[in-house]
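Listed below, chain by chain, are the residues.
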Amino acid sequence: MEDNKDIIIDSDSAVEDVYGEDGGTEDQLITPWTVSLASGYTLLRDPKFNKGLAFQERERDAHYLRGLLPPVVITQELQEKKLIHNIRQYQLPLQKYMAIMDLEARNERLFYKLLIDNVEELLPIVYTPTVGEACQKYGCIFKHPQGLYISLKEKGKIFEVLKNWPERTIQVIVVTDGERILGLGDLGCQGMGIPVGKLALYTALGGVSPSACLPITIDVGTNNEQLLKDEFYIGLRQKRATGQEYDELLEEFMSAVKKNYGEKVVIQFEDFANHNAFKLLSKYSTSHLVFNDDIQGTASVVLAGIIAALKLTGGSLAEQRFVFLGAGEAGTGIAELIALEMSKQTKAPLEETRKKIWLVDSKGLIVSSRRDSLQEYKKPWAHEHEPIGDLLSAVKSIKPTVLIGSSGVGKAFTKEVIEAMASFNERPLIMALSNPTLQSECTAEEAYTWSKGRAIFASGSPFDPVEYEGKKFVPGQSNNAYIFPGFGLGLVLSGAIRVHDEMLLAASKALAGQVTQENYEKGMIFPPFSIIRKISAHIAADVAAKAYELGLATHLPRPKNLVKYAESCMYNPVYRSYH
């Protein structure tokens with residue numbers, strides 16, 4: 001035995017230590033994997049191809065699966081039935097989130113089948129509001145890495161890091177730096193839950209192939225003291241890098257993405273802090289196919305809700321007056337798209353249509369006397385008016401027809417504010433958009449009760465239907481998931497090279513066009529999520545049509561029927577048969 005270091009004897013049996021794992025010391029290097037060209041065991045552990053008990057008899061023979069599975073063969077439908085039953089047994093949304101994400105790591109097609117077939121039930125789990133809690137606790141619930149983590153440690157090597165990702169053809173990247181996760185603030189590296197969740201929806205709702213999606217978190221540190229002290233925190237333990245160091249890392253990242261994947265890869269910026277979000281969108285919109293969901297996606301879905309609501313309130317868009325609580329990415333993004341659509345409809349200059357829109361930030365109404373102290377992106381909204389310090393006074397003075405909350409401040413729409421809206425509008429439109437639910441400016445019940453059932457209400461996070469004086473009201477969810485999956489699909493199938501505001505307007509109108517008379521009768525200004533793939537196909541078709549019209553599309557010739565083409569391009573999660 002002296003001469004053979006690869007054999008060790010244990011007291012019960014002789015075991016060949018092929019890799020030197022047992023006989024080795026911590027200083028010796030071992031090979032962490034082996035390649036088996038025909039291993040059923042490996043197939044069962046590959047989420048892309050695993051079918052679990054749904055492998056057919058001939059597949060079990062052909063792929064060395066005999067004995068590795070129990071003898072029963074079941075359908076994908078039965079697997080799905082069992083899983084949704086099991087998920088419903090959990091009491092806490094976070095437990096459901098963890099169970100669903102475990103499924104994604106085991107069986108990709110079954111994960112997407114489950115999500116598509118139960119979208120209304122599971123959307124609040126994989127997306128807002130539960131994804132927010134998942135990000136807060138990401139270090140504790142972390143089991144296996146998803147996506148790419150690019151930190152300051154990778155500076156100068158980002159192109160090589162991208163090469164570590166196993167898929168070569170990427171169509172959509174969702175990237176965050178974790179500084180402003182929903183309304184929860186700086187969650188650093190733990191913001192990865194957002195790109196992972198968004199890309200799950202790109203596939204489930206928009207039909208983009210999961211292998212073409214890449215979630216990325218850029219870790220430049222965090223200013224969240226609680227996380228820096230948390231022993232389970234998974235990111236860099238340092239304060240956020242800013243200025244030149246930050247800019248250089250982002251520049252290297254954007255260049256590496258274009259070099260590796262070409263200029264037709266969609267790069268969706270997600271949950272960056274205001275100062276970086278506007279700067280990055282402005283800087284890269286002329287050189288890359290970039291889209292900021294917080295600024296542009298939110299704007300597009302809210303504009304769709306407003307266009308649809310006009311069927312209930314009457315009047316044109318240009319006749320409305322708007323007050324926003326919140327003047328960050330979402331607020332200014334929505335305001336700009338509304339002003340742009342007004343300008344298109346009335347042929348009035350943008351400077352004029354902006355004057356119909358008033359923004360309130362933490363210091364009060366944004367007015368011209370504050371211009372010198374305002375951030376650049378707020379300046380277009382500084383109109384002539386005496387200073388007003390609070391929302392209620394602003395609402396009473398301006399008398400808006402539409403009140404929009406994007407402040408991240410829960411309960412900011414008080415009883416007095418809603419009653420004021422109802423006093424000068426027959427059907428006030430109230431949109432409480434902040435996420436997650438606790439950050440919502442008011443609840444559906446409050447909006448309907450305080451307006452005596454006259455409000456048209458939509459929120460960012462979901463609320464249950466409300467009974468008021470014998471009538472059932474179904475609140476709308478102004479959820480970006482209506483827009484970005486179809487929008488991204490439209491960019492991909494047209495081979496667009498840039499995003500244009502006209503595409504956002506096209507997406508808004510396509511979404512508003514899917515609201516039926518039956519929806520309106522229930523007070524809904526958004527269609528049900530149960531038909532989201534149909535909605536996404538129509539949005540994709542209209543976005544693609546606009547790309548062709550503007551000369552920004554590269555996939556030629558243009559398909560004759562873009563809706564049918566979009567549907568035919570969508571990922572189908574039904575199991576494939578293996579040779």
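Residues numbered from 1 in each chain as written. Predicted model: local features only at pLDDT ≥ 70, side-chain atom pairs only at ≥ 80, totals over all residues. Heavy atoms only, no water.

A. Up close: the packing of aromatic side chains. Counted under the stated rule, the structure contains 15 aromatic pairs. Here F111 and Y112 contribute two aromatic rings whose centre-to-centre distance is 4.8 Å and whose plane-to-plane angle is 80°, an arrangement assigned as edge-to-face. Like Y112, F111 is buried. Considering the side-chain rings of Y448 and F457, the 6.1 Å spacing of their centres and the 70° angle between planes classify their relative orientation as edge-to-face. (Phe/Tyr/Trp six-rings, centres within 6.5 Å; stacked < 30°, edge-to-face > 60°. Buried < 20%, exposed > 50% of the residue type's maximum accessible area, 1.4 Å probe, protein only.)

B. Quick look at the nonpolar core. Counting 119 residues, the largest nonpolar core has F322, I338, I404, M431 and F487 as its most contacted members. Examining the composition of this core, we find that 10 residues originate from one element, helix α23 (residues 532–549), more than from any other. Sequence-distant contacts of F487, defined by excluding residues within four places in its chain, comprise F291, V499, M503, L504, A507, I539 and V543. (Core = buried A, V, L, I, M, F, W, Y, C linked by side-chain atoms within 4.5 Å. Helix = DSSP H or I, 4+ residues; strand = E, 2+ residues; numbered from the N terminus. Contact = heavy atoms within 4.5 Å.)

C. Representation of the UniProt feature "active site" (unreviewed entry) in the chain. Taken from the UniProt record, the annotation "active site" (unreviewed entry) applies to Y127 and K198. With the annotated positions falling across 72 residues, the maximum pairwise C-alpha distance of 7.3 Å places them together in a single cluster. Lining the largest pocket, from the residues just named, are Y127 and K198. Among the structural elements, Y127 can be located in the loop between α6 (119–126) and α7 (130–136). With sequence-adjacent residues up to four places away left out, Y127 is seen in contact with K198, L201, D293, N479, N480, A481 and F484. Tracing the sequence through the fold places K198 in helix α10 (residues 193–204). In this view, K198 contacts Y127, V174, Q268, E270, D293, N480 and F484; residues no more than four positions away in its chain are not counted. (UniProt positions renumbered as here; feature names shortened; annotations may be inferred. 1 Å grid on protein atoms, 1.4 Å probe; cavity = no way out; pocket = protein on both sides within 12 Å on 5 of 7 lines; lining within 4 Å.)

D. Layout of unusual backbone geometry. Of the consecutive residues T128 and P129, the connecting peptide bond is found in the cis state with omega at 10°. Relative to the helices and strands, P129 resides in the loop between α6 and α7. Of note, the bond from L556 into P557 is cis; its omega dihedral lies within 30 degrees of zero at -5°. For Y64, which is not glycine, the phi torsion reads 60° and is therefore positive.

E. Quick peek at the packing of helix α12 (residues 243–261) against helix α13 (residues 274–284). The interhelical angle for the contact between α12 and α13, taken along N-to-C directions, is 45°, at an axis separation of 12 Å. In terms of axis orientation, α12 runs oblique to α13. The hand of the α12/α13 crossing is right-handed. Contact residues: Y246, D247, L250, E251 and M254 in α12; N276, K279, L280, K283 and Y284 in α13. Looking at the contact of α12 with α13 residue by residue, the classes come out as five nonpolar, one polar and four charged. (Axes fitted to C-alpha atoms, helices over the stretch in contact; angles between N-to-C directions. Parallel < 35°, antiparallel > 145°, perpendicular 65-115°, else oblique. Left-handed = near helix turned anticlockwise from the far one by under 90°. Nonpolar A, V, L, I, M, F, W, Y, C, P; charged D, E, K, R; others polar.)

F. Local environment of the UniProt feature "domain: Malic enzyme N-terminal" (unreviewed entry) in the chain. In the numbering adopted here, UniProt assigns the feature "domain: Malic enzyme N-terminal" (unreviewed entry) to residues 104–285. From the first C-alpha to the last, residues 104–285 spans 33 Å; its make-up is 47% helix and 11% strand.

G. Examining the pattern of salt bridges more closely. According to the stated counting rule, one finds 32 salt bridges in the structure shown. Notably, a salt bridge pairs R66 with E57, separated by 2.7 Å at the nearest N-O pair. By relative accessible area, R66 is classed as partly exposed at 47%. E57 sits in the partly exposed class, given a relative accessible area of 38%. Residue E251 pairs with K283 through a salt bridge whose shortest N-O separation is 3.5 Å. (Salt bridge = Lys/Arg side-chain N within 4 Å of Asp/Glu carboxyl O.)

H. Quick look at the confidence of the model for the chain. Scored by pLDDT, the chain comes out at a mean of 92, with 93% of its residues at no less than 70. Across residues 1–14, where pLDDT falls below 50, the model places 10 contacts with residues more than four positions away in sequence or in other chains. Ignoring residues within four places in sequence, the model shows residues 17–22, a span with pLDDT below 50, making nine contacts including any to other chains. (pLDDT = per-residue confidence, 0-100.)

I. Expanded view of the sheet that holds strand β4 (residues 172–176). The five strands lie next to each other as β3-β5-β4-β6-β7, forming an open sheet whose pairing is parallel. Here the strands that pair on one side only, and so sit at the sheet edges, are β3 (148–151) and β7 (290–292). Between one strand axis and the next, the sheet turns through 25° on average, direction left out of account. Here strand β6 (residues 266–269) runs beside β7; their pairing, made up of three bridges, is parallel. Bridge pairing links Q268 to F291 in β7. Those strands touched by helix α14 (residues 293–313) are β6 and β7, and its axis lies near 70° from that of β7. (Pairing = 2+ DSSP bridges.)

J. Quick look at the environment of A308. Position of A308 relative to the elements: it lies in helix α14. Ignoring anything within four residues of it in the chain, the contact list for A308 reads A512, V515, Y520 and I525.

K. Local environment of helix α3 (residues 76–89). With 14 residues, α3 extends 20 Å from end C-alpha to end C-alpha; this agrees with the ideal 20 Å at 1.5 Å per step. Taken residue by residue, α3 has Q76, Q79, E80, L83, I84 and I87 as its buried positions. Down the axis of α3, the sector holding all buried residues measures 125°, keeping them to one side. As for α3, its buried residues are in contact with α4 (93–106), α5 (108–117) and α6. (Expected span 1.5 Å × (residues − 1). Arc of directions from axis to C-beta.)

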